[in-house]
Amino acid sequence: MTKTAQDRGVAFSVEESKTVAKYFEAELKRRPPSSQNDVDNALNVAMDKAREVRLVALQSKKEALLRAKHKANIIANLKKYKADTKNATLIDGYNAYLVGSSKMVAGSRDSVSSTKAALHKDYAASFELDLAKKGDHLYDLFAKGTLDGEIRMIGYASPDEIKAMYSEGKVSKEALEIYDSMNKSSKSRLQRKNRAGAYIGERDDFLVRQTHDSDLIRRAGFEEWKATFLKTVDQEKTFKGLEPEDVNLPEGTDIRRSQEKYLEILYNEFVTGRHHYADKGTGAPTGRAGSANIAKKISASRSIHFMNGEASFEYASKFSRGNLFEQFYTGLEYDARNIALLEKMGPNPSAMHTSILETIADEATAEGKVVDKLSTGLSEAYYKTVTGGTEIPERISLAKIGSSVRAVQGMAKLGGAVLSAFPDIVFKAATINRKTSRGFLGSYKSSFDGLASSFVSSKEKKQLYRQLKIYTDQHLGEIHALAGDSVSDVPGFISSMQKIFYRVNLLGGWTQGHKNGLAAVFANELASYRKVDFDKLPDKFRRTLEMYRITDREWGTFRTLETFAADGEHYIVPDAIDTLSADVIDPIIRDKLNTLSITDDMRNQFRDDLRTKVMGLINDSVDEGVVTVGERERALMTLGQSRGSVLGELVRYVGQFKSFPVTVITKQLAPEFQAHPSKLRGGAAIASMVLATTALGYLSGVAKDAVKGRKPKDPKDIKSWLDALTRGGGLGIYGDFLFSEYNRYGQSFQETLLGPSVDTLGEGLKLIQKTVTGEGSAKDYARFIKSNTPFANLFWTEQAMNYMIWNGAMEWSDPGYMRRMQRRIKREYNQEYWLPPSSAF
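Anyway, here's the lowdown on the structure attached to this text. Because the structure is predicted, anything quoted here is derived from the model rather than measured. (Residues numbered from 1 in each chain as written. Predicted model: local features only at pLDDT ≥ 70, side-chain atom pairs only at ≥ 80, totals over all residues. Heavy atoms only, no water.)

## Quick notes on unusual backbone geometry
Thought 1: Even without being glycine, Asn594 reaches a positive phi, approximately 55°.
Thought 2: Relative to the elements of secondary structure, Asn594 occurs in the loop between α28 (582–593) and α29 (600–625). (Helix = DSSP H or I, 4+ residues; strand = E, 2+ residues; numbered from the N terminus.)

Quick look at the structure:
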């Protein structure tokens, strides 16, 4: 047997030869040979398994080294955070490491969460830039899904087969170009995962991470799903290397029983949503999972090989929701999360999380202290959120209902949200002032300049914005986060409605414009000081670099970078880091790793790390200035509870629209207070911010009153400024709900506090009660329908609809209603209409 292996060019040690013999004997028992050919096949299987054992052993050794390295690095960062931050503990440092902190100290913003967000934006925008080089029409074509079948055929074909299909007209040039960009992105992500410690081989039959819709699979049932699965996959490749012990069966179990058990486990993974969870080794769709213990788990990370593109398309059409475009973007986010976890937490994040918490507890015990339970609870919630655990529904149907109800409420309540966004100008200016050298007045100038350029931008500026890779998430994740929910598992029709809604209510364009302008500010700051020594940088800007762990040596490389020129200004864009030459970065790698043997992988990893830090600085600062809910705030609002659980859905209902005020605290008020050396100056800075947002809150109220046909509230009335304070200084769009006219009909403060969905439920129950008792009126029904109809309160159409439909319905059902409403507005706000609703009657 050893000689046979040598004849085939394979060298095994004595121990490895014993392993081959063991597998050879097991294979002969499982499939008794009837010919020499069967014996040869059994030997081939045994040798393949022995080679894999060797690779797993090497990978396990590599991962052990990586785990030790990562843990030492994490503990060092926690201790530095504790030393730099007054009254901080190690657990505070760990929470900052997971989701960031409001403290203005070194490393406070370089978190797992910010790294994931930066990678997500980087990969998505890089794909779009590559696609745009081939034609601006390709993105829209890809999004429509009309070429999905062709692209899948290309993804599973050999180069010769692709040429033949193209010459025969089976696939188009556009499909080939889209596939080429997808393939480049996939290889780039795969290489980075491997550099971070994964062990993933390239596959010729891999296109996108196949999505498996839990609801569709559950409805079909195991037998129907299994029949389609076995019909569409290459069974030989998919089941290759499957051992009975991998599926918790006794050694020697018949291979068919092992395969059946594997399918049962896989089916349960899919219907429970566990295949979405990032913290399962590398989470890689190709090759063996990243660590030896995780490799034994049969999950969706195991390789599934479809027979060809047509088979892949058939399975996707039946058991995947969304087209290839949506599946590709889902894969980008999934990979971004996994790469962030690999690079920040090592090859086994869950084990590292447990180990870090144990070390923190041991350190506290050694000091005669006890770790605060609240902080530990936050750590668990933060960890579950950054790994995607809170997005795995406990009950799929309950999660879908909850997401749909909140989505409809958002579309029914946020038609005028853009008019509430005026205070964004203040928050942008405050962020620029905290994190750059521009000063108070310069920051406000930059904020207003950014506002202007968001409406009118030159061709150069538009190209700059694309290069900065700051864009509104294609699936409305960022915009919809303002309403306090994720968009996971929102049914396709409602999801499509949301995309339209957030365009026509203008919030998407407003947010995008502000983010572009703010990103340009930070890119310009990087370029302006790129030739200044680190220790001579302005204090605020140097502090900002340190918050994202950009070191003195790394900053020194910026002086060699080419800048992007636009409208007479210069900017550093993230992709500029890729141009750093070996002679610039080799000395840094040499000193950091204490080695003279510097490889291309080391250089690429250096560029990866630095580009992600730059991308993180820009993206995180933009999300801070244009207040955007992040994973920290989401964890606080959901308490780490999973979607689809009773408590998880309840906190999401209650939290709807409230994530914004929470984020104002974590990303504006707290950092503004921490940015100053004394509590007095910090308090004064917050007071200044609140005054400015209150002023813009008043202007926001004026704009809202104007579109409602009302004259502005009296600026001499204290009630007007209390209303402006609420709208502008903290509650934001929740203030619209809390103080809106449609919520002034019998709801208690407690009902309102519980959120719009609970409030609507209470109103609906009251309406049912009135109907049963005969007390209901047409006015009650009309008001209920209007306040819960998506698109009904768009600020630029609402009053036209009121004067054409709703006012008439209310007046018809209750004569004199319009005049009574006008008198109430006059009494409560001393406010009159410039276009009285009663004038139509």
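From this point, the narrative continues.
## Things to note about the packing of aromatic side chains
Thought 1: All told, the structure shown has 24 aromatic pairs when counted by the stated rule.
Thought 2: Note on Phe127 and Tyr329: the rings are 6.3 Å apart at their centroids and 85° apart in plane angle, and the pair reads as edge-to-face. Of this pair, Phe127 sits in helix α5 (residues 112–134) while Tyr329 is found in helix α16 (residues 324–345), placing the two residues 202 residues apart along the sequence.
Thought 3: Given the relative accessible area of 2%, Phe127 is considered buried. (Phe/Tyr/Trp six-rings, centres within 6.5 Å; stacked < 30°, edge-to-face > 60°. Buried < 20%, exposed > 50% of the residue type's maximum accessible area, 1.4 Å probe, protein only.)

## Description of the side chain of Asn619
Thought 1: Structurally, Asn619 is set in helix α29.
Thought 2: Taking the relative accessible area as the measure of exposure, Asn619 reaches 2% and is therefore buried.
Thought 3: Setting aside chain neighbours within four positions, we find Asn619 in contact with Ala117, Ala118, Lys121 and Ile470. (Contact = heavy atoms within 4.5 Å.)

## Some remarks on helix α33 (residues 679–707)
Thought 1: With 29 residues, α33 extends 42 Å from end C-alpha to end C-alpha; this agrees with the ideal 42 Å at 1.5 Å per step.
Thought 2: Phi for Gly709, located one or two positions after α33, is positive at around 85°. (Expected span 1.5 Å × (residues − 1).)

## Considering the pattern of salt bridges
Thought 1: This model, assessed by the stated rule, comprises 52 salt bridges.
Thought 2: In this structure, the salt-bridge partner of Arg434 is Glu672, at a minimum N-O distance of 2.7 Å. Note that Arg434 is positioned in helix α20 (residues 424–435) and Glu672 in helix α32 (residues 659–674), a separation of 238 residues in sequence.
Thought 3: The buried category is assigned to Arg434, whose relative accessible area is 3%.
Thought 4: The salt bridge partner of Arg603 is Asp600, with a shortest N-O separation of 2.8 Å. On the criterion of helical spacing, the pair formed by Arg603 and Asp600 is a turn pair, its members being 3 residues apart in helix α29.
Thought 5: Using a relative accessible area of 54% as the deciding quantity, one classes Asp600 as exposed.
Thought 6: Among the charged side chains, a network of salt bridges with common partners joins Asp122, Arg192, Arg195, Glu343, Lys469, Asp575, Asp578, Asp608 and Arg611. (Salt bridge = Lys/Arg side-chain N within 4 Å of Asp/Glu carboxyl O.)

## Observations regarding the packing of helix α22 (residues 459–468) against helix α25 (residues 507–528)
Thought 1: It is the contact of α22 with α25, at a shortest axis distance of 10 Å, that shows an interaxial angle of 80°. With respect to α25, the axis of α22 lies roughly perpendicular. Here Leu464, Tyr465 and Leu468 of α22 lie close against α25, whose contacting residues are Asn516, Gly517, Ala519, Ala520 and Ala523.
Thought 2: The residue inventory of the contact of α22 with α25, partitioned by class, reads 6 nonpolar, 2 polar and no charged. (Axes fitted to C-alpha atoms, helices over the stretch in contact; angles between N-to-C directions. Parallel < 35°, antiparallel > 145°, perpendicular 65-115°, else oblique. Nonpolar A, V, L, I, M, F, W, Y, C, P; charged D, E, K, R; others polar.)

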